[in-house]
Amino acid sequence: MNPFNVLEIPPDASPEDIKAAYHRLAKRWHPDRYTGAEKEEAESKFRELAEAFSILKDPAKRLTLQQQMPKVSSPSSPNREPESPLERTPEDWASMAKAAFEEGNIDQARALIHYAIRLDDEKATYHSLLASILEKEGGDLRAVVKALETAVKLAPRDVDSHIRLANHFQTLGMGARAQRHLQTAREISPNHPKLRLPTPKGPKKNGPGAKGRPTPGQKAKGTAPPMGLLDQLKDLWGRLTGKG
């Protein structure tokens with residue numbers, strides 16, 4: 001069965017077009033409208049429509065099917081071969097994934113970016129976007145780490161991915177790896193906004209204690225101790241995500 005032909009739509013039909021086609025044809029072929037032999041035919045057609053819609057409404061299944069069937073005849077244009085999904089570039093699929101992600105369509109975004117990676121797995125930005133999608137889902141943190149590790153392997157100077165890896169490794173209890181990625185990020189871009197530690201508040205300019213002078217009976221204090229690794233990672237992750 002070709003679900004696209006069953007619903008009389010082209011392979012690149014939008015989710016809205018798929019839904020509209022299903023409701024239009026389901027209304028036409030509803031068994032209650034027929035009797036006798038025609039009713040049996042309608043029941044068979046109605047089941048076929050439901051199965052086709054069940055497949056195509058799932059983004060992952062739809063993309064898999066599109067990959068397997070690069071060319072599908074369009075009932076509305078029998079003499080014109082429609083554009084194949086594979087004629088879109090990986091960048092097109094990645095752009096669609098990014099748009100879906102920004103609109104909050106997480107499942108669709110994940111399916112689209114997986115498809116883009118399947119076509120071209122050498123783009124660091126694709127793996128970074130996959131990591132962002134997985135982070136949003138709140139699923140397996142190790143899958144997020146794997147995507148980010150692939151991103152920094154392809155783009156070793158990707159500071160943001162190094163910072164994100166540092167945070168995730170710290171969460172997983174892998175402090176040595178967290179420190180390594182944090183240090184790498186600092187070496188690449190020491191002045192990166194996400195790597196600027198907050199400046200400790202000093203004494204007031206006027207009055208006792210100004211310019212580092214202790215007040216009577218007060219012991220002189222040295223500079224504040226540097227932030228620990230965990231505090232640094234928490235601060236940097238907060239800056240990166242906008243929650244700090």
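Everything that follows concerns the structure shown earlier in this document.
Residues numbered from 1 in each chain as written. Predicted model: local features only at pLDDT ≥ 70, side-chain atom pairs only at ≥ 80, totals over all residues. Heavy atoms only, no water.

### A short note on the overall build of the chain
Then, in step 1: Looking only at helices and strands, the chain features 11 helices and zero strands.
Then, in step 2: Put simply, the chain runs from its N terminus to its C terminus through helices and strands in the order α-α-α-α-α-α-α-α-α-α-α.
Then, in step 3: Counting every position in the chain, which comprises 244 residues, the buried fraction comes to 35%.
Then, in step 4: For the chain, the share of sequence-separated contacts (at least 6 apart) that also reach a separation of at least 24 residues comes to 55%. (Helix = DSSP H or I, 4+ residues; strand = E, 2+ residues; numbered from the N terminus. Buried < 20%, exposed > 50% of the residue type's maximum accessible area, 1.4 Å probe, protein only. Contact = heavy atoms within 4.5 Å.)

### What to know about the packing of helix α6 (residues 106-119) against helix α7 (residues 124-137)
Then, in step 1: The interhelical angle for the contact between α6 and α7, taken along N-to-C directions, is 155°, at an axis separation of 10 Å. Considering their axes alone, α6 and α7 lie roughly antiparallel with respect to each other. α7 is crossed by α6, and the crossing has left-handed handedness. Facing α6, whose interface residues are Ile106, Asp107, Ala109, Arg110, Ile113, His114, Ala116 and Ile117, α7 presents Tyr126, His127, Leu129, Leu130, Ile133, Leu134, Lys136 and Glu137.
Then, in step 2: A breakdown of the residues in the contact of α6 with α7 according to their chemical character gives 10 nonpolar, two polar and four charged. (Axes fitted to C-alpha atoms, helices over the stretch in contact; angles between N-to-C directions. Parallel < 35°, antiparallel > 145°, perpendicular 65-115°, else oblique. Left-handed = near helix turned anticlockwise from the far one by under 90°. Nonpolar A, V, L, I, M, F, W, Y, C, P; charged D, E, K, R; others polar.)

### Brief notes about unusual backbone geometry
Then, in step 1: Look at glutamate 8: it is not a glycine, yet its phi comes out positive at around 60°.
Then, in step 2: Tracing the chain through its elements places glutamate 8 in the loop between α1 (3-6) and α2 (15-28).

### A word on the environment of phenylalanine 169
Then, in step 1: Locating phenylalanine 169 in the fold gives a position in helix α9 (residues 159-171).
Then, in step 2: The class for phenylalanine 169 is buried, based on a relative accessible area of 1%.
Then, in step 3: Each residue touching phenylalanine 169, except ones within four places of it in the same chain, is listed here: Val145, Glu149, Met174, Gly175, Arg177, Ala178 and His181.

### Topic: the pattern of salt bridges
A side chain of one charge can pair with a side chain of the opposite charge if their charged atoms are brought near each other.
Then, in step 1: By the definition in use, this model includes five salt bridges.
Then, in step 2: In this structure, glutamate 8 and arginine 24 form a salt bridge, with 4.0 Å as the shortest nitrogen-oxygen distance. Of this pair, glutamate 8 sits in the loop between α1 and α2 while arginine 24 sits in helix α2, and the two are 16 residues apart along the sequence.
Then, in step 3: Overall, arginine 24 belongs to the partly exposed group, its relative accessible area being 41%. (Salt bridge = Lys/Arg side-chain N within 4 Å of Asp/Glu carboxyl O.)

Keep in mind these values describe shape, not function.
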